[in-house]
Amino acid sequence: MIDMLRYFLAGQATSLPRYVLEQLLFALFGWLPSLIGIGLRGLFYKLIIKSAGLPFIENGVRILQAKNLRLGRGVYIDYGVYLHACPVGIDIGDKTFIMHNSILHVFNFRNLPHAGIRIGRNCFIGEANVMRGQGGITIGNDVYTGPLVQILAVNHVYGDPDQLIREQGITAEGITIEDDVWLAAGCIVLDGVRIGKGSVIGAGAVVTEDIPSYSIAVGSPARVVKGRDAETAKRAAQASIFFGELESLSKQHQ
Ligand SMILES: CC(C)(COP(=O)(O)OP(=O)(O)OC[C@H]1O[C@@H](n2cnc3c(N)ncnc32)[C@H](O)[C@@H]1OP(=O)(O)O)[C@@H](O)C(=O)NCCC(=O)NCCS
């Protein structure tokens, strides 16, 4: 029973006093909606997480191992996000948005050396994304992900049919997604993969191997079908393209 309790606490916080403080702040402020809630969490959560500025954290955000969560300036964390920042933790860069119901879980209960999730500046992590960071996930700057994207830096070992899969351990090599990548809706990135700068991964693709820079890859397993070449640029120029206020604002501040 004591062992179970210790295991539970180790997953929640880095020490018992921190667990008490963190739970108190979540109980007082975690549920409060509106700008008032965002303001109070911005002030008080700075006591338990590392944040360069005042973070914009909506109500209903669940944070475990808060000490290992590091936020840049102007980070936005939407309603229902779950951040489990076991060592080495989660880093989220300046002006990055994490949209609702996304789950970022470092899952380092085996002391894996490279575990962690690092997301760069100006990224947009779409709705209900799932990241499993056992092998380490490194995401560059200006990366956009659609809804339901999964980035899974772990595999179960299953070679011995006489042993339970859950008892055979895991492998965890890590995933790197370079700058200016767009992962479209529902795509899945498997462990050990690097997606090169400027690439686009189509909706529903399963990425099992490295993707070179400036490629468009689609399907399962994902295959490069073309590059971001002059012809693609010409078609894009002919299309009706819409920009939002956020894009205009971020251009003004560059
Ligand atoms: C990847 C994508 C951007 C490519 O668009 P595009 O440059 O216009 O590509 P094309 O339509 O010329 O397609 C090239 C080829 O790939 C195929 N293809 C395109 N997208 C595909 C996908 N998601 N899955 C499988 N095949 C796909 C096309 O059928 C075509 O095959 P063909 O040459 O045999 O006819 C687009 O298809 C896509 O998946 N968009 C995602 C939309 C989305 O997720 N929106 C949410 C916003 S985050």
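The following paragraphs examine the structure supplied in this document. (Residues numbered from 1 in each chain as written. Predicted model: local features only at pLDDT ≥ 70, side-chain atom pairs only at ≥ 80, totals over all residues.)

Take the overall build of the protein next. When its secondary structure is counted, the protein shows five helices and 25 strands. By the compact-globule yardstick of 18 Å for 254 residues, the protein fits well, its C-alpha radius of gyration being 19 Å. Along the first, second and third principal axes, the C-alpha set of the protein runs to 65 × 55 × 25 Å. Split into buried and exposed, the 254 residues of the protein put 33% on the buried side. Put simply, of all contacts in the protein between residues at least 6 apart along the chain, 27% involve residues at least 24 apart. (Helix = DSSP H or I, 4+ residues; strand = E, 2+ residues; numbered from the N terminus. Rg over C-alpha atoms; globule rule 2.2 N^0.38 Å. Buried ≥ 20, exposed ≤ 12 C-beta atoms within 10 Å, placed from the backbone. Contact = placed C-beta atoms within 7 Å.)

Turning next to the nonpolar core. Among the nonpolar cores identified, the biggest contains 50 residues, and Leu69, Ile90, Val189, Ile195, Ile201 and Val207 are the most heavily contacted of them. Where this core is concerned, the elements lending two or more residues are β4 (69-71), β7 (90-92), β10 (117-119), β13 (137-139), β18 (175-177) and β22 (200-201). Residue contacts for Leu69: discarding those within four places in its chain leaves Ile49, Lys50, Ile63, Leu83, Ala85, Gly89 and Ile90. (Core = buried A, V, L, I, M, F, W, Y, C linked by C-beta atoms within 7 Å.)

That bond from Pro87 to Val88 is cis: its omega, 5 degrees, falls within 30 degrees of zero. For Val88, the location among the structural elements is in the loop between β6 (82-84) and β7. Looking along the chain, the bond that leaves Ser220 and enters Pro221 is cis, with omega of -5 degrees. A positive phi angle, close to 55 degrees, is found at Lys95, a residue other than glycine.

Moving on: the environment of Cys123. Among the structural elements, Cys123 can be located in the loop between β10 and β11 (124-125). Separated by 100 residues in the primary sequence, Cys123 and Gln23 place their C-alpha atoms 29 Å from one another.

On to the sheet that holds strand β12 (residues 130-132). The strands making up a sheet associate through hydrogen bonds between their backbones, and the pairing can be parallel or antiparallel. Pairing is parallel in the open sheet, where seven strands are placed in the order β3-β6-β9-β12-β15-β20-β23. The two strands at the open ends of the sheet, each matched to only one other strand, are β3 (62-64) and β23 (206-207). Where β12 and strand β15 (residues 150-152) come together, three bridges link them in parallel fashion. Directly across from Arg132, in β15, lies its bridge partner Leu152. (Pairing = 2+ DSSP bridges.)

Next up on the list: the pairing of strand β25 (residues 223-227). Judged from the four bridges that link them, strand β24 (residues 215-218) and β25 form a sheet pairing that is antiparallel. Within β25, the position partnered with Ser215 by the bridge is Gly227. Adjacent in sequence and paired antiparallel, β24 and β25 are bridged by four residues, among which Gly219 carries a positive phi angle near 90 degrees.

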